[in-house]
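Chain and residue survey
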Amino acid sequence: MEFKLEAHRIVSISLGKIYNSRVQRGGIKLHKNLLVSLVLRSARQVYLSDPCPSLYLAGPAGSRGAAGVGGGPAGGPAPGSSPLKKPRRNSEEQPGGAAAAEEEMETGNVANLISIFGSSFSGLLRKSPGGGREEAEGEESGPEAAEPGQICCDKPVLRDINPWSTAIVAF
Amino acid sequence: MEQSYVVAEKFWPLLRVLFLAQEASIKLRKHFFPFSPLWGFEPQASPLDSIKGPHTSTQGLGPWCSPTGSPAPLSCETGCGEGSWILVCRLLVPTQVSLLSMEEDIDTRKINNSFLRDHSYATEADIISTVEFNHTGELLATGDKGGRVVIFQREQESKNQVHRRGEYNVYSTFQSHEPEFDYLKSLEIEEKINKIRWLPQQNAAYFLLSTNDKTVKLWKVSERDKRPEGYNLKDEEGRLRDPATITTLRVPVLRPMDLMVEATPRRVFANAHTYHINSISVNSDYETYMSADDLRINLWNFEITNQSFNIVDIKPANMEELTEVITAAEFHPHHCNSFVYSSSKGTIRLCDMRASALCDRHSKFFEEPEDPSNRSFFSEIISSISDVKFSHSGRYIMTRDYLTVKVWDLNMENRPIETYQVHDYLRSKLCSLYENDCIFDKFECVWNGSDSVIMTGSYNNFFRMFDRNTKRDVTLEASRENSKPRAILKPRKVCVGGKRRKDEISVDSLDFSKKILHTAWHPSENIIAVAATNNLYIFQDKVN
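Residues numbered from 1 in each chain as written. Chains lettered and ligands numbered in written order. Predicted model: local features only at pLDDT ≥ 70, side-chain atom pairs only at ≥ 80, totals over all residues. Heavy atoms only, no water.

As recorded by an unreviewed UniProt entry, chain B carries the name Serine/threonine-protein phosphatase 2A 55 kDa regulatory subunit B and is attributed to Ailuropoda melanoleuca.

**Some points on the nonpolar core**
Counting residues in each nonpolar core, the largest one holds 45 residues, and the members touching the most others are B:Phe378, B:Tyr402, B:Leu426, B:Tyr434 and B:Ile439. Those elements that provide at least two residues to this core are helix H1 (2-23) and helix H2 (30-49) of chain A together with helix H3 (379-383) and helix H4 (430-435) of chain B. When residues of this core are assigned to their parent elements, the largest contribution, 10 residues, is made by H2(A). The residues contacting B:Tyr402, other than those within four sequence positions of it, are B:Ile382, B:Ser384, B:His423, B:Leu426, B:Leu430, B:Leu433, B:Cys438, B:Ile439, B:Asp441, B:Phe443 and B:Tyr459. (Core = buried A, V, L, I, M, F, W, Y, C linked by side-chain atoms within 4.5 Å. Buried < 20%, exposed > 50% of the residue type's maximum accessible area, 1.4 Å probe, protein only. Helix = DSSP H or I, 4+ residues; strand = E, 2+ residues; numbered from the N terminus. Contact = heavy atoms within 4.5 Å.)

**Points about the pairing of strand S14 (residues 288-292) of chain B**
Across a regular strand the side chains alternate sides, sitting on one face of the sheet and then on the other. Residue and element names in this part refer to chain B. Among the 5 residues in S14, 5 count as buried, and that is most of the element. Burial along S14 is two-sided: Thr 288, Met 290 and Ala 292 and Tyr 289 and Ser 291, pointing in opposite directions, are all buried. Linking strand S13 (residues 279-282) back to S14 in an antiparallel pair, the connection comprises 5 residues, with Tyr 286 at a positive phi of about 60°. One ladder, built from 5 bridges, connects S14 with strand S15 (residues 296-301); its direction is antiparallel. (Pairing = 2+ DSSP bridges.)

**Observations concerning the confidence of the model for chain B**
Residues and elements named next belong to chain B. Predicted confidence across chain B gives a mean pLDDT of 81, with 77% of residues reaching 70 or more. Low pLDDT (under 50) marks residues 25-82, which in the prediction has 125 contacts with non-local residues, meaning those over four places away or in another chain. Confidence drops under a pLDDT of 50 for residues 96-120, and excluding neighbours within four residues, the segment shows 46 contacts in the predicted structure. Here the complex is predicted with pTM 0.70, and the ipTM for its interfaces comes to 0.76. (pLDDT = per-residue confidence, 0-100.)

**Some remarks on H2(A)**
For H2(A), built from 20 residues, the straight-helix expectation of 28 Å at 1.5 Å per residue is met to within 8% by its first-to-last C-alpha distance of 28 Å. Counting buried residues in H2(A) gives 15 out of 20 residues, a clear majority hidden from the surface. (Expected span 1.5 Å × (residues − 1).)

**Some words on the pairing of strand S10 (residues 206-211) of chain B**
Residues and elements named next belong to chain B. With 5 of its 6 residues buried, S10 lies for the most part within the structure. Where strand S9 (residues 195-198) lies against S10, 4 bridges are found, and the strand directions are antiparallel. Bridge pairing links Trp 198 to Leu 208 in S10. With antiparallel pairing between neighbouring strands as the criterion, S10 and strand S11 (residues 216-229) make up a hairpin whose turn holds 4 residues.

Here it is as structure tokens:
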């Protein structure tokens, strides 16, 4: 359980770094972002492989979550890429490391993702599990209801992995 | 495809504001920069050219170098254990005008004053980003984040002030790189000087290469002590006289003038790197040099600026398969066909340019198997090599990763022959260091002239020296509070848990904002230059 929390924390810190690197002076630093994406991948693997059934989400979005879990430990390069990956492939400065390890994405998460990023990551760290559930449906109400800086200790954590995967790809 | 439009649409207002802000900030910086690079054919005297004459001003030295004590005989053989290190001088690079210090009247900020002014704050542009002695050790060049290069020259030995030898004064200052904006990629290119490398001296002038993220420049630094005088084609104000009034032709005569040091850019090697340049290295043939970025290494000829040869390319066809980047590269000191480059995975490759035009296949591959007991989330980051240096003999290479310095024998690829722990007490703090970005700090490492001692920096303004022969090591501190001129540096110790003895410092008290990333060792003497933020400390070995 501790590993999961630690991994979760590291994942959110890493995503924050990737996000901030977009606006840093001097452009995106390939080396640093590659290292961050490697940390992200390690943390994610630990997170997904750590058996902790209470965190798995059962529900309408459960299929996505379960698929994510099943594919997690394997972590191979994604055969089915999200549509967002294709335009970015031509971009020179994309850290490919983490993206290569992602599973299938749900396109429905992308709209979420934009609003999450737009609210400066406050949407990713969510306090109430209830708020998280709506977010999985693809609506944008979640981030507004979220409180920044809260570390989520309950259910919606696993579900958040997929939007984060898309986040890396989008970046 | 719709998804990308959605992203663009949502982000465009924000991005547009960012671009405009970036452009505006570049314009403002240019406007307030008090000096400009020395272009063109006529030597324009810039206020920054140090004027030296018979009464040499001790700019930048202040009270720290008042001579006390007897002169120290310098020897290369003492290593770091027998002798002790004394502070020679602390030099403040001249403060740059920046947006942060706008409250002061620009006109009253004289550059000369700033040499002696003791700032309690440092603008980010003053942070030293590279330090390098030239091949004789007479000159010491520093580059900073503001794109400036400051060259210090060693005080000449004089009969009445024998103990002043070893001190360095400002010799020349010039703006090497300016911030640029790549409109095509909407990226600002930082003017920070990443590396400076000297060329060996072949005539009266000095030549050095300086590079930022994208462009390498060759600078010529020369002295001028004569001026042509006696033109009669112009009047006193410099206006051309009416040719009808000129009845005689006077040949100008060279008259001595106050010594002036001028720097001119002789070559600009641009547009060859898509990624950020991290290293440059002059070849031992003195005709070529290489520049390395994250994924490619290019070979240049000094005379040709519009072409370079790509000799290493590790960019994968699909960027998503990227697993490692190049972090440093250096030519062999004697064999002009060999070079090494290090990677973010902790490996070093030795390449031979005679084998093929594109050196993607290495001749030797140096990698140490990972210790599985030390595995953590951050294992990859701390194994990334931040610097690689050949020994002067050419027999060994030294690599620096986050926690250790390793010495490798070129003849043994499967493991290093020596490993030195720089600050192993940080191993348990990697998560915090990841959060505050310190884990990405790129420390450099240097050999001494005889390859017997190696030195590297750490946090809290500490730097470490390891004697390869005696296996002794020492931790020293470069700080204002603890260093009086000619004072002997006291070895420092970091206490790792348990009871803290007097004079020890605990790991939690370390100041991680004070990091020593750049150091340099004189090529033949025991004189070292240590860059601590905006301060340059020069220490020399004093044998008791």
